[in-house]
Amino acid sequence: MQNKPRNIKRNTFKAKKQKKTDLEGNELSVNSFNEFMRSKRLRKTLGLFFILMSVFLMLSFISYLFSWKADDDLLNGRVFNWDLLVDGSIVADNMMGRLGAITAHLFIKKWFGISSFLFILMFFIAGFRWLFGHSLLPAWKTLRYSLFFLIWVSVFFGAVIKSGQWLILGGTFGFQASLWLNGIVGGFGTALVLLFSLGTFLIVAFDPNFVAMGQFFSQLFSREGKEGDNETDPDHAFDETSAEESQEENAPEEDHNDFPMEIELGPTEPEVATPAPAVAETNPAETDLELEIVEGDGKITGHNYQAIEDPNQFNADSDMPDLSHLGQYDPTLDLPKYQIPDLNLLDDRGSSSIHVNKQELEANKNKIIETLNNYSIQIERIKATVGPTVTLYEIIPAPGVRISRIRNLENDIALSLSALGIRIIAPIPGRGTIGIEVPNSNPEIVSMRSILASEKFQNSTFELPIGLGKTIANETFITDLTKMPHLLMAGATGQGKSVGLNAVLASILYKKHPSQVKFVLVDPKKVELTLFSKIERHYLAKLPDAEEAIVTDTRQVIRTLNSLCIEMDNRYDLLKDAQVRNIKEYNTKFIDRRLNPNHGHRYLPYIILFIDEFADLIMTAGKEIEMPIARLAQLSRAVGLHLIIATQRPSVNIITGTIKANFPARIAFRVTSKIDSRTILDSGGAEQLIGRGDMLLSTGSDLIRLQCAFIDTPEIERITEFIGSQRAYPDAFHLPDYFDEDSGDSEPIDPSERDDLFADAARIIVATQQGSTSLLQRKLKLGYNRAGRIIDQLEAAGIVGPFEGSKAREVKIKDPVVLEQILRGE
């Protein structure tokens, strides 16, 4: 039975901007209000307003603490009568006038009492973040904590102080809330409610380790008992107490074997053999065509770190305390209830088995033999291996037949088969045969669910397993990203690069806990990776001051890449201190509690950098992108930083030789010419692919043809919504801060420290109207460092503009006369 061909939709998300028109036909943007609210000027204005508001509230509240009696007599119950603001005959004792008196009276006496001072902190933190672009404290965490203590402190003082002038400590809200609680549970019950709410907040916010506290107090009491015994019996002053040994439960290991399933095609109908208890070697069949299919399925498998500073527990040979009684450190306990996405979130696109069309195989076999006989080429045997989209025909030529004769018949065989994308592999490495790959007339879709549900993926012991798809032999192909260690994906537009990136992301999401891996997503197209913004607080990493975790702006990309370089250097310092060579050894040592976190050691998650459309970044930023990418590609493997870069054509001006040499693993989707194939893989073949996820994987020595697993946009949405609905970290994983020296925010330069050639350089820049460092190098015969310092001085003097990537700086002074006035005036 033949399956109808299915069209694979490209996994892209396109948002069309809709426009409305008024009665006169003028276009009105639907998102104009949103664009206005997201503008930087508005955020800075609101930030300044909130900072000044916090100052106003602080002065009003402090003054009210000393003048509240006089201000209350002045208001005389008219706090909501705003005529007080315009009545000039009324004079308030508050430092901020009548408005300050009314505001302080509302916040402190009518509302929350002394805890209203937390509004000052909230306004200041919000204003500072919007005005300066980064926070002094975590914004949302500060807001949540402040709101809790705002209510709790007000109710606490309302319950403690029942009457008198000190009612302003709790405010009217606290007093009324305490009266309501007293009426329900009584005074003692109110105290219990307050203690329970405070304890719950401390547990949720800080997760204290009560086990360690109990052990500390038990050791403290036992030490006091020992001291008392030593005082009564000095002969036992140096007796040693025996330590309790903790028992660890070791989970039994399970062995899983992959059982291949073989199908032989002969004159009769194919018969399916049952799986054997062990992997058996297959002998060549006597029939003309032999079909081999391999598939599998299986199941999924799945004490915060603490340093005890008791000097009595330190080992003799190191300064690390003995923490063996705590067991191994488990990083997943930060999110203990996190669940891996269910396979039911993925679409089931048919059976994972191959539907064999015996008539098609026989017809293709006869046409290949006939074509070879027409050119007097005899073969001894031919065998077919059917894959999801391509069938591999392996032939063994007769003795004396030159391989080059068969290779030259590629176009003739394609003509006789009436097929597109014939590819000849002569010879197949390690087999001693010649392969002819012929596309199937009815290609199968390889679903992502079939890859992730396979036993090979579920029982994989790889650090970062990636399910790319299926081979020609219908085998699930799983590889380890840490062995690659970086991956370059290239191909013509619309051939499956974005789907390949999604497949890699989905593979890791279905295998790793958020504490074990983090993603840095760079999407210049702004639409391909936006769906993953829902898992920002679980899996994504970003700069501390970044508003969005998915990087789309070129300047932000440069900062992120340099921040990753800083993270790489920091990790190498940690590996050096731990005396290990790679991240796996380091984390093993940390899990075994042999590294002291008080010395800066921490569990290191893997960080994977995804870049879509790398060529666009190179064209806009050039060297600023290339240099950190080259550093990361060369050095980041050992510390757990891996790169996955996608681009259409990695030519020499896009992927330089230094970068390309560190990407031994490359994936090529269909391209238009053999030159493009050689650019990607250093060999031909990619131009003969049939598209729609058909790809070649090069691991350095040989090429593997795969059919990429297909995962559609609705599936990605369901996965990200499932993960995003679970409890997450307070914020995304923060990369180290990186301050761009070329961003124009440089400190002012003292005019006395200017270079001797500053005036000459300024005249050259204004005369040529070109703010270029290389221009100063040529005209003044300077080195790059000195010319760069002069450009910085010209920028500080206001003669040239800030750095703009690969473009020359803007020259702000147009007239030489004005320049001379500036030079003489300063």
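Draft legend 1. Quick look at the overall build of the protein chain. In terms of regular secondary structure, the protein chain is built from 25 helices and 19 strands. A total of 826 residues make up the protein chain; the buried ones form 45% of that total. Accessible area for the protein chain stands at about 44,100 Å²; split by element, carbon and sulfur atoms hold 54% of it.

Draft legend 2. View of the packing of helix H22 (residues 758-768) against helix H24 (residues 784-796). Orientation of H22 relative to H24, taken along the N-to-C sense of each, is 75 degrees, at an axis distance of 10 Å. On the basis of the axis angle, H22 is roughly perpendicular to H24. Across from Phe 758, Ala 761, Ala 762 and Ile 765 in H22, the residues of H24 making contact are Ile 790, Gln 793 and Leu 794.

Draft legend 3. Main features of the packing of helix H15 (residues 554-578) against helix H17 (residues 614-621). As a packed pair, H15 and H17 sit with axes 10 Å apart at the nearest point and diverge in direction by 100 degrees. The pairing of H15 with H17 is recorded here as roughly perpendicular in orientation. On H17, the residues touching Thr 554, Val 557 and Ile 558 of H15 are Leu 617, Thr 620 and Ala 621.

Draft legend 4. Inspection of the pattern of salt bridges at higher detail. On inspection of all chains with the given rule, the structure shows 27 salt bridges. The salt bridge partner of Arg 555 is Glu 624, with a shortest N-O separation of 3.5 Å. Placement of Arg 555 in helix H15 and of Glu 624 in helix H18 (residues 623-635) is noted, with a sequence separation of 69 residues between them. Note that Glu 820 is salt-bridged to Arg 763, the shortest N-O span being 2.8 Å. Linking Glu 820 in helix H25 (residues 816-825) with Arg 763 in helix H22, this pair joins segments that are 57 residues apart in sequence.

Draft legend 5. Focus on the nonpolar core. In this structure, Phe 519, Leu 609, Ile 625 and Ile 629 are the most contacted members of the largest nonpolar core, which totals 102 residues. With 9 residues, the single largest contributor to this core is H15. Apart from residues lying up to four places away in sequence, Phe 519 is in contact with Leu 505, Ile 508, Leu 509, Tyr 539, Leu 540, Ala 541, Ile 608 and Phe 610. By size, the runner-up hydrophobic cluster in this structure holds 22 residues, among which are Tyr 393, Ala 398, Ile 436 and Val 438.

Draft legend 6. View of the packing of aromatic side chains. A complete count under the given rule lists 22 aromatic pairs for this structure. Summarising the aromatic geometry, the rings of Tyr 338 and Tyr 539 are spaced 6.2 Å apart at their centres and angled 70 degrees between planes, so their arrangement reads as edge-to-face. Placement of the pair is Tyr 338 in the loop between strand S4 (289-293) and helix H8 (358-374) and Tyr 539 in helix H14 (residues 536-539), with a sequence separation of 201 residues. Take Tyr 338: its relative accessible area is 12%, and that puts it in the buried class.

Draft legend 7. Structural detail: the pairing of strand S5 (residues 379-386). Looking at chain direction, S5 and strand S6 (residues 390-397) are connected through 7 bridges and run antiparallel. Within S6, the position partnered with Ile 382 by the bridge is Ile 395. Linking S5 back to S6 in an antiparallel pair, the connection comprises 3 residues.

Draft legend 8. Local environment of the environment of Lys 44. Relative to the helices and strands, Lys 44 is located in helix H2 (residues 40-75). Between the C-alpha atom of Lys 44 and that of Arg 129, which follows or precedes it by 85 residues, the distance is 9.0 Å. Apart from the residues lying within four places of it in its own chain, the contact partners of Lys 44 are Trp 130 and Leu 131.

Draft legend 9. Region of the structure containing unusual backbone geometry. Following Met 484, the chain continues into Pro 485 via a peptide bond in cis, with omega recorded as -10 degrees. The backbone of Glu 613 sits at a positive phi, close to 60 degrees, despite the residue not being glycine. For Glu 613, the position within the fold is in the loop between strand S14 (606-612) and H17. With relative accessibility at 12%, the residue Glu 613 sits in the buried group. The residue Arg 692 is not glycine, and still its phi comes out positive at about 55 degrees.

Draft legend 10. Here's a closer look at a nonpolar patch on the surface. Residues Val 55, Met 58, Ile 62, Leu 65 and Phe 66 make up a contiguous nonpolar surface patch of roughly 460 Å² in combined accessible area. Relative to the helices and strands, Met 58 resides in helix H2.

Draft legend 11. Examining H18 more closely. Helix length check: H18 (13 residues) gives 18 Å between terminal C-alpha atoms against 18 Å at 1.5 Å per residue, within 8%. Those residues of H18 lying buried are Glu 624, Ile 625, Glu 626, Pro 628, Ile 629, Ala 630, Leu 632 and Ala 633. Among the structural elements, H15, S14, H17, strand S15 (641-647) and helix H19 (657-661) are those in contact with the buried residues of H18.

Draft legend 12. Fine view of the sheet that holds strand S12 (residues 517-522). On the basis of which strands lie adjacent, the open sheet formed by 9 strands has the order S10-S9-S18-S17-S16-S11-S15-S14-S12 and mixed pairing. Every interior strand has two partners, whereas the edge strands, strand S10 (476-480) and S12, have only one. If you compare each strand with its neighbour and ignore which way they point, the axes differ by 30 degrees on average. By the bridge criterion, 6 bridges tie S12 to S14 in an arrangement that is parallel.

Draft legend 13. Highlighting the sheet that holds strand S7 (residues 423-425). Taken in spatial order, the 4 strands make up an open sheet running S5-S6-S8-S7, and their pairing is antiparallel. What marks the edges here is a single partner per strand, and that holds for S5 and S7. Looking at each pair of strands side by side, their axes are set apart by 20 degrees on average, direction ignored. Sheet topology note: the S7/strand S8 (residues 434-439) ladder contains 3 bridges and is antiparallel. Counted as the bridge partner of Ile 424 is Ile 436 from S8.

Draft legend 14. Expanded view of the environment of Arg 786. Residue placement: Arg 786 occurs in helix H24. Taking the relative accessible area as the measure of exposure, Arg 786 reaches 30% and is therefore partly exposed. Sequence spacing of Arg 786 and Thr 773 is 13 residues, and the spatial spacing of their C-alpha atoms is 9.4 Å. Those residues within four positions of Arg 786 in sequence are excluded, and the remaining contacts are Asp 755, Asp 756 and Leu 757. At 2.9 Å, the side chain of Arg 786 forms a polar contact with the side chain of Asp 755.

Draft legend 15. How the structure looks around the pairing of strand S18 (residues 703-708). In this sheet, S18 lies alongside strand S9 (residues 465-471) in antiparallel orientation, the contact comprising 3 bridges. Counted as the bridge partner of Thr 471 is Leu 706 from S18. In the sheet, strand S17 (residues 694-698) pairs with S18 via 5 bridges, with the strands oriented antiparallel. The residue bridging Leu 696 from the neighbouring strand is Arg 705, located in S18. Hairpin connection between S17 and S18: a loop of 4 residues separates the two successive antiparallel strands, and Gly 700 in this loop has a positive phi of roughly 110 degrees.

Draft legend 16. Examining the side chain of Ser 698 more closely. Here Ser 698 is to be found in strand S17. Note on Ser 698: relative accessible area 9%, which makes it buried. Beyond its immediate sequence surroundings of up to four residues, Ser 698 is in contact with Pro 664, Ala 665, Arg 666, Leu 681 and Leu 703.

Draft legend 17. Region of the structure containing the confidence of the model for the protein chain. On average, residues of the protein chain score 78 in pLDDT, and 76% of them are at 70 or above. For the protein chain, the element scoring lowest by mean pLDDT is strand S3 (residues 261-265), at 36; S12 scores highest, at 95. Within the model, the stretch residues 229-318 combines pLDDT values under 50 with 153 contacts to residues more than four positions away or in other chains. Predicted confidence for residues 742-746 stays below pLDDT 50, and this span has 6 contacts to residues more than four positions away or in other chains.

Draft legend 18. Representation of helix H5 (residues 139-160) within the structure. Here H5 spans 31 Å end to end across 22 residues, near enough to the 32 Å set by a 1.5 Å rise per residue. Those residues of H5 that fall on the buried side of the exposure criterion are Thr 142, Ser 146, Leu 150, Trp 152, Val 153, Ser 154, Val 155, Gly 158 and Ala 159. Looking at the buried side of H5, the elements it contacts are helix H3 (97-112), helix H4 (118-132) and helix H6 (171-206).

Parameters at a glance
- Along each chain, numbering runs from 1 in the same order as the chain's sequence is written.
- Only residues with pLDDT of 70 or above have their local features reported here, since the model is predicted, and side-chain atom pairs are shown and tallied only from 80 upward, although totals for entire chains, interfaces and linings are computed over all residues.
- Note: side-chain values were computed over all heavy atoms of the structure, leaving out hydrogens and water.
- Secondary structure follows DSSP: runs of H or I at least 4 residues long count as helices, runs of E at least 2 residues long count as strands, and numbering of each begins at the N terminus.
- Under the scheme applied here, a residue whose accessible area is under 20% of the maximum for its type counts as buried, over 50% as exposed, and between as partly exposed, the area being computed with a 1.4 Å probe on protein chains only.
- Here the accessible surface of atoms and residues is derived via Shrake-Rupley with a 1.4 Å probe, and residues count as covered only by protein chains that are part of the display.
- Only the contacting stretch of a helix is used when fitting its axis, a line to C-alpha atoms as for every element, and angles between N-to-C directions run 0 to 180 degrees.
- When an angle is under 35 degrees it counts as roughly parallel; over 145 it counts as roughly antiparallel; between 65 and 115 it counts as roughly perpendicular; any other value is oblique.
- Contacts are residue-level and defined by heavy atoms, with any inter-residue pair within 4.5 Å sufficient.
- We define a salt bridge as a contact between a side-chain nitrogen of Lys or Arg and a carboxyl oxygen of Asp or Glu at a distance within 4 Å.
- Residues belong to a common nonpolar core when they are buried Ala, Val, Leu, Ile, Met, Phe, Trp, Tyr or Cys residues joined through side-chain atoms within 4.5 Å.
- Centre distance within 6.5 Å is the pairing criterion for rings of Phe, Tyr and Trp, where only the six-membered ring of Trp is used; planes under 30 degrees apart are then read as stacked, over 60 as edge-to-face, and the remainder as tilted.
- At least two bridges found by DSSP between two strands is the condition for calling them paired.
- Patch construction takes residues with relative accessible area above 30% that form no salt bridge. Like charges are linked within 9 Å, and nonpolar side chains (Val, Leu, Ile, Met, Phe, Trp, Tyr) are linked within 5 Å.
- Working rule for helices: expected span equals 1.5 Å times residues minus one.
- We define a polar contact as two N or O atoms separated by no more than 3.5 Å, with the added condition that, inside protein, one atom must be a possible hydrogen donor and the other a possible acceptor, whereas residues neighbouring each other in sequence contribute only through side-chain atom pairs.
- The quantity called pLDDT is the predictor's confidence in a given residue, expressed from 0 to 100.

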